[in-house]
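One-letter residues, chain by chain:
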Amino acid sequence: MLSQLRPALVLLTVLTAITGLAYPLAVTGLAGLIFPARAAGSLIERDGHVVGSSLIGQNFTGATYFHGRPSATSAADPADPAKTVPAPYNASNSAGSNLGPTSAALAERVRGDRDALQAENPGHPVPVDLVTTSGSGLDPDISPDAALFQVPRVAKARNLPEDQVRRLVAEQTEGRTLGLLGETRVNVLALNLALDGLGAR
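Residues numbered from 1 in each chain as written. Predicted model: local features only at pLDDT ≥ 70, side-chain atom pairs only at ≥ 80, totals over all residues. Heavy atoms only, no water.

1. So, helix H5 (residues 151–158)
Among all positions in H5, only Val-151, Arg-153, Val-154 and Ala-155 are buried. At the C-terminal side of H5, Asn-159 shows a positive phi close to 55°. (Buried < 20%, exposed > 50% of the residue type's maximum accessible area, 1.4 Å probe, protein only. Helix = DSSP H or I, 4+ residues; strand = E, 2+ residues; numbered from the N terminus.)

2. Some remarks on the environment of Val-14
Structurally, the position occupied by Val-14 is in helix H1 (residues 2–34). With 92 residues separating them along the chain, Val-14 and Leu-106 place their C-alpha atoms 50 Å apart.

3. Structural notes on the sheet that holds strand E5 (residues 141–142)
In spatial order, the strands read E5-E7-E6; together these three strands make up an open sheet with antiparallel pairing. Single-partner strands in this sheet number two, and they are E5 and strand E6 (173–174). Across two bridges, E6 lies against strand E7 (residues 185–187) in antiparallel orientation. The residue bridging Thr-173 from the neighbouring strand is Val-186, located in E7. Against the sheet, helix H7 (residues 188–197) touches E5 and E7, its axis set at about 60° to E7. (Pairing = 2+ DSSP bridges. Contact = heavy atoms within 4.5 Å. Axes fitted to C-alpha atoms, helices over the stretch in contact; angles between N-to-C directions.)

4. Considering the packing of helix H6 (residues 162–172) against H7
Contact geometry of H6 with H7 gives a least axis separation of 10 Å together with a crossing angle of 135°. In terms of orientation, H6 and H7 fall into the oblique class. Of the two elements, H6 crosses H7, and the hand of that crossing is right-handed. Seen from H6, the contacting residues are Leu-168, Val-169 and Gln-172; seen from H7, they are Ala-190, Leu-191, Ala-194 and Leu-195. For the contact of H6 with H7, a count of residues per class yields six nonpolar, one polar and no charged. (Parallel < 35°, antiparallel > 145°, perpendicular 65-115°, else oblique. Left-handed = near helix turned anticlockwise from the far one by under 90°. Nonpolar A, V, L, I, M, F, W, Y, C, P; charged D, E, K, R; others polar.)

5. Remarks on unusual backbone geometry
Phi at Tyr-89 is positive, roughly 60°, even though this residue is not glycine. In this structure, Tyr-89 sits in the loop between strand E4 (80–86) and helix H3 (104–120). If you check the backbone angles, Asn-159 has positive phi at about 55° while not being a glycine. Checked against the element boundaries, Asn-159 lands in the loop between H5 and H6.

Printed below as a string of C-alpha cells:
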C-alpha cells in the first residue's frame, strides 16, 4: 500500500509545485517584463491618482459625460444579504443578466432605455450597444456610433461646439487590433478624460 501511496504523493507535490507555483510565477514575471502596464491592470492615472482601468467600464451618469453600455452586474443588498441590488460595473461580480430574448423584464428595460435616449437625440436611431448589456457587464468600450449619438447632449451640457466634440470622438476611436480582431471602438473612460482635458488646452 505504501509503495502505491508514495509515488502518488510525490507526483501530487511535484505537479502542485509546477502548476501551482512555478508556472504562475513565471507567467506573472514574464507579463510584468513584456507588458508592465497591462500586467498591473491597465490602470489610468490623472494628477497622480488612479481614476480607473481601461479594461473595466465605469458608471458615468451626468449629462456632461459620455455613457457606456448598460451593466447588469449586482452586489449583495446591504439591508438583506440574501438579496442582490444593481451595482453597475461591479468587477467582483462580473456577469450578464441571464435574461433571454423572450424576457418581458428585458424588453421593458430596453424599451425604457431606448425611449429615454430617443428623447435625448430625436430623429436619430439609437445604437444597439447603448441599450444592451455585455456578457461580462464590465465592457469599457462603446461603438463610434454610440459615442457620436451622445455628442449633442455632451456638447450642449458643456457649452462646446458639436464639431469639436465629434473631432474628439474621432481622435479617441481605436481600430481593430492588428487590423483584424475585434471591432472599431471608443474607450469611454479615455474619451471622458480627454473631454475633461479640453478645458485645460
